[in-house]
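# Structure assessment
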Amino acid sequence: MTLRESAQSIDDAGALWAARLDRGLTDQERLALDHWLGADTRRIGALARARAAWVHAERARSLGALPVGSHDASIPQRKFGRRAILVGGGAVAATIVAGLGTVAFLRDPSQHYISGVGETRRIALDDGSAVTLDTVSSVAISSRIATRLVTLETGQAFFEVANGALRPLIAIAGRTAIRAVRTAFLLSVAEDSAVSIIVQAGRVALSANTASTESGRPDRILEAGSRMDISAQGGLTDTRTVVVSTDAIDRTLAWREGKLSFSGETLAEAADQFARYSPVRIIIADRALAREPIAGLFAVNDPRGFARAIAISLGAHTETTGDNIIIFRPAPVGN
Amino acid sequence: MSQFWGIEAVMENGNDDRSRWLAERVLVHEVGIRAWLRRFGNVSDADVDDLIQETYAILATRASVANIIDPRAYAYQVARSALFQKLRRAKVVSIDYVADIGEFDVPEDAPSPEAAAISRSELTRVVRAIEAMPQQTRRAFWLRRVEGMPQREIAAQLQLSENTVEKHIARGIRQLMDQFGRGGKAVREASSTQTCEPDAGTTTLDDPSRVRSKH
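I will try to describe carefully the structure that is included in this document. In this convention, every chain numbers its residues from 1, walking through the sequence in written order. To label them, take the chains in the order written and letter them from A, then take the ligands in the order written and number them from 1. Where local features are concerned, this predicted model is filtered to residues with pLDDT of at least 70; where side-chain atom pairs are given and counted, the filter is 80 or more; whole-chain, interface and lining totals use all residues. Side-chain metrics in this entry use all non-hydrogen atoms of the structure; hydrogen atoms and water are not considered.

### What about the side chain of Ser226 of chain A?
Tracing the backbone through its elements, the reader meets Ser226 of chain A in strand S12 (residues 226-231). N or O atoms closer than or at 3.5 Å make up a polar contact, with two conditions inside protein: a donor-capable atom paired with an acceptor-capable one, and, for residues adjacent in sequence, both atoms drawn from side chains. A polar side-chain atom of Ser226 of chain A sits 3.1 Å from the main-chain carbonyl oxygen of Glu223 of chain A. A run of H or I in DSSP counts as a helix once it spans at least four residues, and a run of E counts as a strand once it spans at least two, with each numbered from the N terminus.

### Quick look at the sheet that holds strand S17 (residues 317-321) of chain A
Residue and element names in this part refer to chain A. Any two strands are treated as partners once DSSP identifies two or more bridges connecting them. Strand order across the open sheet formed by three strands is S15-S18-S17, with mixed pairing between neighbours. In this open sheet, the two strands that pair with only one neighbour each are strand S15 (281-284) and S17. Neighbour-to-neighbour, the strand axes of the sheet open up by a mean angle of 20°, direction not taken into account. Here five bridges tie S17 to strand S18 (residues 324-328), and the two strands are oriented antiparallel to one another. Opposite His317, over in S18, you have Phe328 as the bridge partner. Whether two residues touch is decided by their heavy atoms; if any such pair falls within 4.5 Å, the residues are in contact. Throughout, an axis means a line fitted to C-alpha atoms (over the contacting stretch in the case of helices), and angles, computed between N-to-C directions, take values from 0 to 180 degrees. Along the sheet, helix H6 (residues 267-277) contacts S15 and S18; its crossing angle with S15, the most-contacted strand, is approximately 165°. Here helix H8 (residues 303-314) sits on the sheet and contacts S15, S17 and S18; the angle it forms with S17, its principal contact strand, is near 155°.

### So, the packing of aromatic side chains
In this description, a pair of aromatic rings is defined by centroid distance and the angle of the planes. Centres within 6.5 Å are what make two rings of Phe, Tyr or Trp a pair, Trp counting through its six-membered ring; a difference in plane orientation under 30 degrees is then read as stacked, over 60 as edge-to-face, and the rest as tilted. Evaluated as defined, the whole model comprises eight aromatic pairs over all chains. Seen in terms of ring centroids, Phe262 of chain A and Phe274 of chain A are 6.1 Å apart; in terms of plane orientation they differ by 45°. Their pairing is tilted. In this pair, Phe262 of chain A is assigned in strand S14 (residues 259-266) and Phe274 of chain A in helix H6, connecting sequence segments twelve residues apart. On the basis of relative accessible area, Phe262 of chain A is assigned to the buried category, the value being 6%. The structure contains a cluster of three or more aromatic residues connected by ring pairs, namely Phe262, Phe274, Phe298 and Phe306 of chain A. Here Arg20 of chain A stacks its cationic end above the ring of Trp17 of chain A, 4.8 Å away from the centre of that ring. Ring-over charges, as used throughout, are those where CZ of Arg or NZ of Lys falls within 6 Å of the ring centre and within 35 degrees of the ring normal. Note that Arg145 of chain B overlies the ring of Trp54 of chain A, its terminal NZ or CZ placed 4.1 Å from the centroid. The classification of residues rests on relative accessible area computed with a 1.4 Å probe and restricted to protein chains. Under 20% of the type maximum is buried, over 50% is exposed, and intermediate values are partly exposed.

And the structure:
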């Protein structure tokens, strides 16, 4: 009796074929692939899955996006890469430096910072301002003569801007530029470049991100206690502004202390929040459970603890398999 | 050209539509599908692996997916049929095994979060997979996927053969597959905690700017 090929080894081969497809197959390889696929339907599935995983990982490009408006005529354009000067490391950050090796060409004079999964990074600037990165976020910071540019490339960051009228800080996210002096605000950018700002203290001036940002008249002002959502397509012509309480603002900033704070969000929304900070997936088995509102303060790095605590409070059970935890209500015992 | 009509859909680099559909509509739910399959008592981890591959095979070779209104539910149904087939082949009287036939129903989806929320959590999984890659694999993968450098140039940059770069890309893809399916290799190797050690030689642990939460 012949031993059946394991799914694991089929996945290994599928991944290899996907890597080859990425660089293009020779005619000979096409024939070989055709032949390989023929022997077992699982191989077709493995290749399809590998290709899907590869395509899905395209979103990683946002980690390396160049800052908008980084073109500076005084810096000669070079061919490759970008020198990343990083404070501290972490596996993801270390990759950039290591990957570029000793042959690092300057494309722009930005300092690039990235936080990994579940990581918080506080970057102190020379004038006393600070930018704190939330999980899986990245910024590029460049200093110009009259201003400092901080581009939020991906994720979310909390800005504390000191009194630096001589050199104001301009935060850039999507197509919006935010000019800030003596203020504190939370800035997020989505993958489609939709932007959200919550001002905690002071006020910020918003403009479209064009060359005239630095000295032009701002389009909008946002005061403390407000949140503005800026659409991906319309930029500042398509926004929604709401008033936000101090408590609500504090809740959105709880991640800085390694916590997540909920007050009426649904279990589904909470699970999605936890998903940003950890590879652990909280799976909610039914629609009714997912809609339950929850409240409380939880450690951001303990999704399992959260799931178990919530399950108890909702009369539900949990089941753990590897990196996943399922919350479910057992079917009623009948008949 | 291939005798497996429809598989071209996932093979062409120029047209990623099917792969993208699989990624956005099925891969994101794979964890849930696996968990659901596993809850039927006599389904082992190896069985689940087979069933998932068979499910993707069916989805990849369909002539068209345009008419599938609820891809997630459809993927569950396909996985369920594959499960029934497997149980029949194994001659297990599966219906008796399961107390309530209703357990075979496709679980209803939780109200779906905003696209932005899904995106952020998917990016997290990609980053986690990158973090879990061995150093050289991570470098090659980063240059290819994040920086967009062609494999040939990566070989020059990292001073490796193109063949080796290809293997690293494959390993990177493998890590992604594990991450999306199972939540990382840690599951397979039956270890319950995953710690990510920074690479030797980088100043990391003492850096006050970094706060790393351990899971």
